[in-house]
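Summary of the model geometry
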Amino acid sequence: QKEVEQDPGPLSVPEGAIVSLNCTYSNSAFQYFMWYRQYSRKGPELLMYTYSSGNKEDGRFTAQVDKSSKYISLFIRDSQPSDSATYLCAMVRGGADGLTFGKGTHLIIQP
Amino acid sequence: DAGVTQSPTHLIKTRGQQVTLRCSPKSGHDTVSWYQQALGQGPQFIFQYYEEEERQRGNFPDRFSGHQFPNYSSELNVNALLLGDSALYLCASSLRVPGDGYTFGSGTRLTVV
C-alpha cells in the first residue's frame, strides 16, 4: 500500500461544475497538507496549504483535511477550462522531511 | 519575480555520464529540496539541504549527491547515469519551518540516451 493514494483519472467535467479531488493516506504523522496544480511540462504550483484538520478557502478553491479519516479534499467551484491540469496532493510530517505526493489526478474541464 | 529558478531547462546525456543541475531558491527561503518526477507519476523526494548540509534523504542511491552554497542556491549531481534516470528534476524551496509552503521551480527535463 502506497503512503498516499490518489485516483489518476482522467476526470472530465463541464465548465462551471464543482470539482472534487481527493487523497487518502496511511501515515498518521503527516501534519501539513498541500494541493498543487501542474500544467504539462511545468513545475507544480502551490494552490492550498493547510496545517492539521479543518477547512481553508481561497477564492474558488476549498481544501478540507480530516485527519481522523486520513482523507483530504480539494473543491473547485465554477470550474474553468484553464483549470484543466494535473492536481497533486502532498503532505509532510514536519519541516525537515520531504513531501510525499500522490500520483496526481488529471482534470479536464470541457468548454 | 523572485521565484525558484532552475537551469538548464532541458538536457540530453549519454548513459554513464555525469550531470549537474542548478537551483536558486525563492527570495527569503533558506531550505532547498530536490525531487524526481517520472512521466505520469508524482514527484519523489531525493534530499533536502539546510545550512549547507544534507538533512534528509529519500530512497535514492549514492549516485545522487548535492550541495548547498552560502547564498542558499543548490546543485544536484547524478553520476553514472542510467536510462531510468530520465525524468523531470524539480527543485523546491521553503523556510526551515515551512510557514508559507514549498515553492517549486519549473524543473530540468533530463533525457538519458
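So, here is what we can say about the structure in this document. (Residues numbered from 1 in each chain as written. Chains lettered and ligands numbered in written order. Predicted model: local features only at pLDDT ≥ 70, side-chain atom pairs only at ≥ 80, totals over all residues. Heavy atoms only, no water.)

So, the state of the cysteines
- Counted under the stated rule, the structure contains 2 disulfides over all chains.
- Two residues share a disulfide in this structure: C23 of chain A and C89 of chain A, whose sulfurs sit 2.0 Å from each other. Handedness here is read from the sign of the S-S torsion; for C23 of chain A and C89 of chain A, about -100 degrees, the answer is left-handed. Remark: C89 of chain A occurs in strand β9 (residues 85–92) and C23 of chain A occurs in strand β3 (residues 19–25); sequence separation between them is 66 residues.
- Residue classification places C23 of chain A among the buried residues on the basis of a relative accessible area of 0%.
- A residue is classified by how much of its surface remains accessible, and C89 of chain A, at 0% relative accessible area, is buried.
- There is a disulfide in this structure between C23 of chain B and C91 of chain B, and the S-S distance comes to 1.8 Å. With the S-S bond torsion at -60 degrees, the cross-link from C23 of chain B to C91 of chain B turns out left-handed. Taken together, the residues C23 of chain B in strand β3 (residues 19–24) and C91 of chain B in strand β9 (residues 87–94) connect sequence positions 68 residues apart. (Disulfide = S-S within 2.5 Å. Helix = DSSP H or I, 4+ residues; strand = E, 2+ residues; numbered from the N terminus. Buried < 20%, exposed > 50% of the residue type's maximum accessible area, 1.4 Å probe, protein only.)

Remarks on the packing of aromatic side chains
- All chains considered together, the criterion is met by 12 aromatic pairs over all chains.
- The interplanar angle of 90 degrees and the centroid separation of 5.3 Å between the aromatic rings of Y36 of chain A and F104 of chain B together place this pair among those described as edge-to-face. With one member in each of two chains, Y36 of chain A in strand β4 (residues 32–38) and F104 of chain B in strand β10 (residues 103–104) form a pair that bridges those chains. There is no split in this pair, since Y36 of chain A and F104 of chain B are both buried. (Phe/Tyr/Trp six-rings, centres within 6.5 Å; stacked < 30°, edge-to-face > 60°.)

Focus on the interface of chain B and chain A
- With 21 residues of chain B at the contact, the number on the chain A side is 20 residues.
- Contact between chain B and chain A buries roughly 1,700 Å² in total, counting both sides, with carbon and sulfur atoms accounting for 52%.
- In terms of surface lost to chain A, no three residues of chain B exceed P43, Y102 and F104 of chain B, which account for 29% of the buried area on that side.
- The interface formed by chain B and chain A includes 0 salt bridges. (Contact = heavy atoms within 4.5 Å. Buried area = accessible area lost by both parts, 1.4 Å probe. Salt bridge = Lys/Arg side-chain N within 4 Å of Asp/Glu carboxyl O.)

A word on the environment of L88 of chain A
Residue and element names in this part refer to chain A.
- With respect to the helices and strands, L88 occurs in strand β9.
- When its relative accessible area of 0% is taken as the criterion, L88 is described as buried.
- In the structure, L88 is positioned 14 residues away from G102 in sequence and 5.9 Å away in space, judged by C-alpha atoms.

Examining the nonpolar core
- By size, the foremost hydrophobic cluster in this structure holds 24 residues, and its most contacted members are W35, I72, L74, I76, Y87 and M91 of chain A.
- Contributing elements (two or more residues each) for this core: β3, β4, β5 (45–51), β7 (61–66), β8 (71–76), β9 and β11 (105–110) of chain A.
- Once residues lying within four places of it in the same chain are set aside, the contact partners of Y87 of chain A are Q6, L21, Y36, R37, L47, L74, I76, G104, T105 and L107 of chain A.
- Formed by 20 residues, the second largest nonpolar core is a distinct cluster that contains C23, F47, F60 and L76 of chain B. (Core = buried A, V, L, I, M, F, W, Y, C linked by side-chain atoms within 4.5 Å.)

Observations regarding empty space enclosed by the protein
- Tallying each qualifying case throughout the model produces 1 cavity of 30 Å³ or more.
- Taken together, K2, V4, F101, G102 and K103 of chain A together with G42 and Q44 of chain B make up the full set of residues lining the largest cavity.
- Looking at side-chain class alone, the lining of the largest cavity contains 2 nonpolar, 3 polar and 2 charged residues. (1 Å grid on protein atoms, 1.4 Å probe; cavity = no way out; pocket = protein on both sides within 12 Å on 5 of 7 lines; lining within 4 Å. Points joined across faces, edges and corners; volume = space filled by probe spheres on them. Nonpolar A, V, L, I, M, F, W, Y, C, P; charged D, E, K, R; others polar.)

Side note on the pattern of salt bridges
Residues and elements named next belong to chain A.
- Tallied over the full model, the rule gives 9 salt bridges over all chains.
- Residue R37 is joined to D83 by a salt bridge in which the shortest nitrogen-to-oxygen separation is 3.9 Å. With R37 in strand β4 and D83 in the loop between β8 and β9, this residue pair connects regions lying 46 residues apart in the sequence.
- Owing to a relative accessible area of 1%, D83 belongs among the buried residues under this scheme.

Structural notes on the sheet that holds strand β8 (residues 74–78) of chain B
Residue and element names in this part refer to chain B.
- Ordered in space as β1-β3-β8-β7, the 4 strands form an open sheet in which the pairing is antiparallel. The sheet is open, and its two borders are formed by β1 (5–7) and β7 (64–68), each paired with just one other strand. Within this sheet the neighbouring strands show an average axis-to-axis angle of 20 degrees, counted without direction.
- Bridge analysis of β3 against β8 gives 5 bridges, and the strand direction is antiparallel. Directly across from V19, in β8, lies its bridge partner V78. (Pairing = 2+ DSSP bridges. Axes fitted to C-alpha atoms, helices over the stretch in contact; angles between N-to-C directions.)

Read these as layout, nothing more, since geometry by itself doesn't imply function.
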